[in-house]
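Okay, here's what each chain looks like letter by letter:
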Amino acid sequence: MVFRKLPGVSASGMGLRLSQKFVFLLFLSGLVTLCFGALFFLPDSVRLKRIFLSKTETQPVTVGSGSENDAREHLKRPKDQEHLRGMTSAKGETSTKRKSLSRKPSVSHEATEERPAGGKAQEDLTLSRSKTESATSSDQGANSDTFSFVKFKGCLLKPPLGRDSGKPSDPKTNERREKVKEERVAVCKKSEQGAQQMMKFAWDNYKRYAWGKNELRPLTRNGHIGNMFGGLRGASIIDSLDTLYIMGLMDEYNDAKEWVQTSLDLNSNGEASLFEVNIRYVGGLLSAYYLTGEELFKKKVLELGEKLLPAFNTPTGIPRGVINLGSPCCSGTSWSWGWASAGSSILAEFGTLHLEFVHLSELSNNPIYTEKVMNIRKLLNKIEKPHGLYPNFLSPVSGNWVQHHVSIGGLGDSFYEYLIKSYLMSDKTDDDAKKMYYSAMEAIEANLVQKSPGGLTYMAEWRGGILDHKMGHLACFSGGMIGIGADDGAPEKRQHYLDLAAEITNTCHESYTRSATKLGPEAFRFDSGAEATATRLSDRYYILRPEVIESYMYMWRLTHDPKYREWGWEAVEALEEHCRVESGFSGIRDVYTMTVSHDNMQQSFFLSETLKYLYLLFSDDDLLPLEDWVFNTEAHPLPIIRRSCLQDEATQDKTASE
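Residues numbered from 1 in each chain as written. Predicted model: local features only at pLDDT ≥ 70, side-chain atom pairs only at ≥ 80, totals over all residues. Heavy atoms only, no water.

> I'm lost on the overall build of the chain in this one. Help?
When helices and strands are tallied, the chain shows 26 helices and 19 strands. Going through the 658 residues of the chain one by one, you find that 56% of them count as buried. Taking all contacts inside the chain whose residues are at least 6 apart in sequence as the whole, residues at least 24 apart take part in 68%. As presented, the chain carries roughly 28,200 Å² of accessible surface, and 52% of it is formed by carbon and sulfur atoms. (Helix = DSSP H or I, 4+ residues; strand = E, 2+ residues; numbered from the N terminus. Buried < 20%, exposed > 50% of the residue type's maximum accessible area, 1.4 Å probe, protein only. Contact = heavy atoms within 4.5 Å. Areas by Shrake-Rupley, 256 points an atom, 1.4 Å probe, with all protein chains shown as cover.)

> Any chance you could explain the nonpolar core here in plain terms?
Nonpolar side chains tend to gather and get buried jointly when the protein is soluble and globular. Core analysis: the biggest nonpolar cluster contains 161 residues, and L380 and Y416 have the highest contact counts within it. A total of twelve residues in this core trace back to one element, the largest contributor, which is helix 14 (residues 274–292). Contact partners of Y416, with chain neighbours within four places excluded, come to L347, Y390, V406, S407, I408, Y437, A440, I444 and M481. (Core = buried A, V, L, I, M, F, W, Y, C linked by side-chain atoms within 4.5 Å.)

> Which parts of the structure should I look at to understand the sheet that holds strand 13 (residues 466–468)?
Whenever strands of a sheet pair, they do so through backbone hydrogen bonds, lying parallel or antiparallel. Taken in spatial order, the three strands line up as 9-12-13 in an open sheet, and their pairing is antiparallel. One side of each edge strand has no neighbouring strand; the edge strands of this open sheet are strand 9 (405–406) and strand 13. Of the strand pairs in this sheet, strand 12 (residues 461–463) and strand 13 are connected by three bridges, and their pairing is antiparallel. From the neighbouring strand, E461 faces strand 13, where its bridge partner is D468. (Pairing = 2+ DSSP bridges.)

> So what exactly am I meant to see when it comes to the confidence of the model for the chain here?
Atom-level detail of predicted coordinates should not be read off regions where pLDDT is low. The predicted model of the chain has a mean per-residue pLDDT of 82, with 73% of residues at 70 or higher. Overall, residues 36–122 carries pLDDT values under 50, and its contacts beyond four positions in sequence, including any with other chains, amount to 123 contacts. (pLDDT = per-residue confidence, 0-100.)

> Can you walk me through the packing of helix 10 (residues 171–181) against helix 24 (residues 563–579) in this structure?
A packed helix pair is summarised by two numbers, namely the angle formed by the two axes and the spacing between the axes. Two elements in contact, helix 10 and helix 24, have axes separated by 11 Å at closest approach and are oriented at 35 degrees. As helix 10 packs across helix 24, the resulting crossing turns out to be left-handed. Counting all contacts with helix 10, which are made through K172, T173, R176, K179 and V180, the residues of helix 24 involved are R565, E566, W569, V572 and E576. The residue inventory of the contact of helix 10 with helix 24, partitioned by class, reads three nonpolar, one polar and six charged. (Axes fitted to C-alpha atoms, helices over the stretch in contact; angles between N-to-C directions. Left-handed = near helix turned anticlockwise from the far one by under 90°. Nonpolar A, V, L, I, M, F, W, Y, C, P; charged D, E, K, R; others polar.)

> In this structure, what is going on with the environment of E609? I would like to understand it.
Within the secondary structure, E609 sits in helix 25 (residues 604–617). The class of E609 is buried, set by a relative accessible area of 4%. Spatially, the C-alpha atom of E609 lies 9.6 Å from that of L544, the residues being 65 residues apart in sequence. Residues within four places of E609 in sequence aside, it is in contact with P546, T633, E634 and A635.

> Is there a simple way to think about the packing of helix 11 (residues 198–210) against helix 12 (residues 235–246) in this case?
Taken N-terminus to C-terminus, the directions of helix 11 and helix 12 make an angle of 150 degrees; their axes are 12 Å apart at the nearest point. Viewed along their axes, helix 11 and helix 12 adopt a mutual orientation that is roughly antiparallel. In the packing of helix 11 onto helix 12, the handedness of the crossing is left-handed. Note on element contacts: helix 12 touches helix 11 through S236, I237, S240, T243 and L244, opposite M199, W203 and Y206. Residue composition of the contact of helix 11 with helix 12, grouped by class: five nonpolar, three polar and no charged. (Parallel < 35°, antiparallel > 145°, perpendicular 65-115°, else oblique.)

> What am I meant to see in the side chain of S407 here?
Summarising the element assignment, S407 is placed in the loop between strand 9 and helix 19 (413–425). Within the local environment of S407, its side chain forms a polar contact with the backbone oxygen of G410, the two atoms lying 3.4 Å apart. Aside from chain neighbours lying at most four places away, what touches S407 is N392, G412, D413, Y416 and E461. (Polar contact = N/O pair within 3.5 Å; in protein donor to acceptor, adjacent residues only side chain to side chain.)

> How should the packing of aromatic side chains be read in this particular structure?
Two numbers describe a pair of aromatic rings. These are the distance of the centres and the angle of the planes. Inspection of every chain in the model, using the stated rule, returns 33 aromatic pairs. Here the aromatic residues F147, F149, F152, Y289, Y290 and W629 are joined through ring pairs into a cluster of three or more. Its guanidinium or amino end placed over the ring of W211, K207 lies 5.7 Å from that ring's centre, counting from NZ or CZ. We note R580 situated over the ring of F201; from NZ or CZ to the ring centre the distance is 3.8 Å. (Phe/Tyr/Trp six-rings, centres within 6.5 Å; stacked < 30°, edge-to-face > 60°. Lys NZ or Arg CZ within 6 Å of the ring centre and 35° of its normal.)

> Whenever I open this one, unusual backbone geometry confuses me. Can you help?
Excluding glycine, residues mostly have negative phi values, and the peptide bonds linking residues are mostly trans. Notably, A342 is not glycine yet its phi reads approximately 50 degrees, a positive angle. Relative to the helices and strands, A342 is located in the loop between strand 5 (334–335) and strand 6 (345–346). Unlike most non-glycine residues, A532 shows phi in positive territory, near 55 degrees. Along the polypeptide, A532 turns up in the loop between strand 15 (523–525) and helix 23 (547–559).

> Please clarify how the pattern of salt bridges should be interpreted in this entry.
Opposite charge on two side chains makes pairing possible when the charged atoms of those side chains draw close. Evaluated as defined, the whole model comprises 32 salt bridges. Measuring nitrogen to oxygen at the nearest pair gives 2.7 Å for the salt bridge that ties E362 to R643. On the criterion of sequence distance, the pair formed by E362 in helix 17 (residues 354–364) and R643 in helix 26 (residues 643–657) is long-range, its members being 281 residues apart. Residue R463 is joined to D468 by a salt bridge in which the shortest nitrogen-to-oxygen separation is 3.6 Å. A residue is classified by how much of its surface remains accessible, and R463, at 39% relative accessible area, is partly exposed. Linked by salt bridges that have partners in common, E461, R463, D468, K470, R525 and D527 make up one network. (Salt bridge = Lys/Arg side-chain N within 4 Å of Asp/Glu carboxyl O.)

> Help me understand helix 10, please; the structure alone is not making it clear to me.
An α-helical turn contains 3.6 residues, so any two residues separated by three or four positions project in the same direction. Across the eleven residues that make up helix 10, a large majority, eight, are buried. Those residues of helix 10 that are buried lie in contact with helix 11, helix 24 and helix 25.

> Looking at this model, I keep getting lost on helix 19. Mind explaining?
In this model helix 19 runs 18 Å from its N-terminal to its C-terminal C-alpha over 13 residues, within 8% of the 18 Å that 1.5 Å per residue would give. The buried fraction of helix 19 amounts to 13 of the 13 residues, a majority that puts the element mostly inside the structure. Taken from the residues just after helix 19, D427 is the one with a positive phi, measuring 60 degrees. (Expected span 1.5 Å × (residues − 1).)

> I keep staring at the state of the cysteines and nothing clicks. Help me out?
A disulfide bridge is the covalent bond that connects two cysteines by way of their sulfur atoms. Counted according to the given criterion, the structure contains two disulfides. Here C155 pairs with C645 through a disulfide, and the sulfurs are 2.0 Å apart. When the S-S torsion is -90 degrees, as for the bridge of C155 with C645, the disulfide is left-handed. Of this pair, C155 sits in the loop between helix 9 (149–154) and helix 10 while C645 sits in helix 26, and the two are 490 residues apart along the sequence. When its relative accessible area of 8% is taken as the criterion, C155 is described as buried. (Disulfide = S-S within 2.5 Å.)

> What's the story with the sheet that holds strand 4 (residues 322–323) in this structure? I'm lost.
Taken in spatial order, the three strands make up an open sheet running 3-4-5, and their pairing is antiparallel. Bordering the open sheet on either side are strand 3 (272–273) and strand 5, each of which pairs with just one other strand. As defined by bridge partners, strand 3 adjoins strand 4 across two bridges and the pair is classed as antiparallel. Residue A272 lies in a different strand from strand 4, and its bridge partner there is I323.

See below:
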C-alpha cells in the first residue's frame, strides 16, 4: 500500500514520520483483528457470535407443544452436554468434529476382530459375543446422567442369549431349530456341502445380488429400493442385525455391522414412511445396540431419531405419516399420505412409536422423544371414542376422527400391541397404557370378536356400526398380544384372555390349513358360507408374513402346548416347498393353487420377523426371555426398563465415588 502525503501538511506537523505511521497502522490493524477474533474464540463469547452468524443457526427458541422450536430446543440440550456420547474420551471434541461427514465411530480393536463362523463350536460363539459386548461397553462413562450399557445389563434378570443360546434339550426340537438356521437338505436339490441355512440362504443371496439395496428380488437376482424408506438403503441389513446375532451367524453379523459403519447414509432425500423407518431402522439399530453394546448403533440411532421429530410439527402434535430426512432444502418436511382420508394420520402409524421413542430418550437422556409420544396418548385419552373403539383415521390438524373404520388388522393393529407392550416395557409402571389397553380390549370384545357358524373365533372389522366379517393376516398377531396381556388384567379374567388368545391363534392356523399350500392368505372371510378362507382373488396372496408364526411363538411360551411347535413346523415345510426359489425366498400370489406364481420379493421382515419367530419357537424360553424383553412390531427386541434398578445402580456408583 502507498501512502501519499496530504497537501499542505508536513510529516513533522503530524508528529510522526511516514515510516512510523506505517508501523503504527500495522499495529493498530493487528490489534483490531485480535480483538475481533476474540469474540469468536473466548469461552464466554457465545452471545456475541450470534450477532455475526446466520439467524437460522442461532435464533433463540421457545418450547411449545408441537412446534418446530420445541424440537430444536430439546435437540440442542443433549448436544451441549458432553454425556450424550456416553464416552469420557469424547469430552474434548468440538461440535464440528461430532458432525463430520464420515460419522465413523471409534471402535476398539477387540470389538472389530474376526468372529467365528456360525458353524464353529458354541463356546467360541459365546466368547465372540462376549467380546463384542464388553469391548464396546467397558469404556463408557460412569456419570449418573449417562446411559450405561454395563448398568443396563446388570438390571436384566437373565442373560439375553440364555445359558446355551437357547438350545433345547430335545433333539427333535433342536433339529427343527437348526433347520430354521441351518437346513440339512434343500427342497429343490441337495447341497454339495450337505448343509443349507434358511436364514443364511436368504442372507447370502441378498448379499450376493442386492447388497445395500432394501430388499432382494430373488427371481431376477437384483435389488429393490422402493419408495417406503425415502432415500434410505439397506433395510434388509438393519432388519437382520439382531437375527444374525442371536443365531450366532457372526461373520454375517460383522458384514452387516461394517455396512452400517461405512455405508448407512441417513441424509436421504425422498418420501420416507415415519412408521416404517421407526419400526425397521430405529428398532433394528436399538436392538442391535442393546444386544451387543456397539456404540456405532447408538450413535446412528440417535442421529436418525433427531430427523424424525419434525413430523410432529402439527397443531395437535399428532405426527404426519411421511417425512423427508435429507437435503437442506427439504429436511424435516412432513405431510400425510395422499390416499389417507382428508389428510389424516393413521392410527397404526402414529400409535406405533412409543416403544422406540422411550428408548431414544433413555439413550440420549433427552425427554423430547417421550414427551412427543405421551402427547399422542393425552390427545387420544381426551377425545371421544365411538363405543370405546379407536377409528383408524385421525386429523393431525383438528385432532378429530376422520372416519369410523375400526380394524385390528391393517391401519389399526400395532397401536393396540404397543399399549400392552408399553406397560410391560415400563416394568409394569405405565398405568395409563395398561388402562387404555384393557379398556380397548373390552370394546373389541363387545363389538368385534365374533364366532363363526363353524365355531371359529375371529375379529371382524367395524365400519360405522356395520360389521365386515373379514379378518386380515395382519390381525393374526392379536393371539400373541392377548396372551401376553392375560396376566395383568383382572385376575378373574386371566383364563378368559388365555382362552381367547388360543381361539384366535387357532383360527389363524385354520386359514393356513385350508389352503392348498398350507400358507395363509392376506385376508379371509366368514360370510356367505366362507370359513377362514379368502373369497376374493385380491386377498389370496402371501408375502412371507410373520403374524401367525408370531402368535405360535407367544402361545408356546405361555402354555408350552406342543401343538404350537407342530404348527410352526408345518409353516417351515410350506415355506420351503412353495416360497424357496433358487436365489432366496419369494412371496406367492395365490395360496390356493399348487401351481405357484412367485411375486419376486424377499421382504426384509421375513429376515427380521418370520425366521426369528420360528427360531425362538424352537428355542428354550431363556433365549430373549419375556421377563426382560419386549419385541417391537418388527420383532426387534427392546429391554424392559427397570427404573428402580438403574437408580439404585447410580446411587451405588455415586456412594462409591464419594
